[in-house]
Amino acid sequence: MLPTAMKAREIPVSLPHQALMEADWGDCFEVVVAQPGLSAEHAARRAFETMPAWTGALMALRNLLVRPFGIKGDPEAAAKALRIGMFPIVAQSHGEVVMGFDDRHLDFRIVVETEPSGDHHTSVRLMTLVRRHNRLGRIYLATIMPFHKLIVARTLSRLAR
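Residues numbered from 1 in each chain as written. Predicted model: local features only at pLDDT ≥ 70, side-chain atom pairs only at ≥ 80, totals over all residues. Heavy atoms only, no water.

*Asks:* Residue-level account of the pairing of strand β7 (residues 122-132), with values.
*Replies:* For β7, the tally of buried residues reaches nine of eleven residues, placing the bulk of the element in the interior. Bridge analysis of strand β2 (residues 25-33) against β7 gives nine bridges, and the strand direction is antiparallel. Pairing of W25 across the sheet is with V130, part of β7. Bridge count for strand β6 (residues 106-116) against β7 is eleven bridges, and the pairing is antiparallel. Following the sheet pairing, E113 is matched in β7 by R125. (Buried < 20%, exposed > 50% of the residue type's maximum accessible area, 1.4 Å probe, protein only. Helix = DSSP H or I, 4+ residues; strand = E, 2+ residues; numbered from the N terminus. Pairing = 2+ DSSP bridges.)

*Asks:* So what's going on with the sheet that holds strand β5 (residues 96-102)? Residues and values would help.
*Replies:* Within the open sheet, the seven strands sit side by side as β1-β2-β7-β6-β5-β4-β3. Their pairing is antiparallel. Only two strands of the sheet have a single neighbouring strand rather than two, namely β1 (9-11) and β3 (83-84). Packed onto the sheet, helix α1 (residues 40-48) meets β3, β4 (87-93), β5, β6 and β7 and runs at close to 120° relative to β6. Sheet strands touched by helix α4 (residues 135-160): β1, β2, β6 and β7. Its angle to β2, the strand with the most contacts, is close to 10°. (Contact = heavy atoms within 4.5 Å. Axes fitted to C-alpha atoms, helices over the stretch in contact; angles between N-to-C directions.)

*Asks:* Account for the pairing of β2, naming residues and giving values.
*Replies:* Within a regular beta strand, the side chains point alternately toward one face of the sheet and then the other, so they alternate between its two faces. For β2, the tally of buried residues reaches eight of nine residues, placing the bulk of the element in the interior. In this structure, β1 lies alongside β2, joined through three bridges in antiparallel fashion. Its bridge partner lying in β2, I11 is registered against C28.

*Asks:* Lay out the environment of A91 with the relevant residues and their values.
*Replies:* Here A91 is to be found in strand β4. On the basis of relative accessibility, which here comes to 38%, the residue A91 falls in the partly exposed class. For the pair A91 and A19, spaced 72 residues apart in sequence, the C-alpha to C-alpha distance is 8.6 Å. Sequence-distant contacts of A91, defined by excluding residues within four places in its chain, comprise E96, V97 and V98.

Below, the structure is given as structure tokens:
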């Protein structure tokens, strides 16, 4: 029996993962939505193209705080790539979209997966994979972790509404 509206729940991640074989950290959240046949791209666009205003404010603060450390991602690659929200698309199929980029402190991938869950529902998983390159990458990940988990869980829970 599937609920009509469900909060996102954290589920285990198995490393290595094909989207970032060298990842040394990962998490994954899942939600079931009352929309049959939802593609991964459509789920990712719904999740990342209409983020709440408070997440934009957090990203602006993050960008200001990390600028002195040279953390900025790869704006040239991101500008040339097809994107979903602020994230460049790395690979995609009907059931999976992989987004992300590599930086000097860490590489990351966001994997959005969808699969049928009963006749009238779709299971949506949002996995984050990270390869930390150095101490700065480890400090950065530890610092943003509480915000990351909150944003991911809320983003997925919004899909279920």
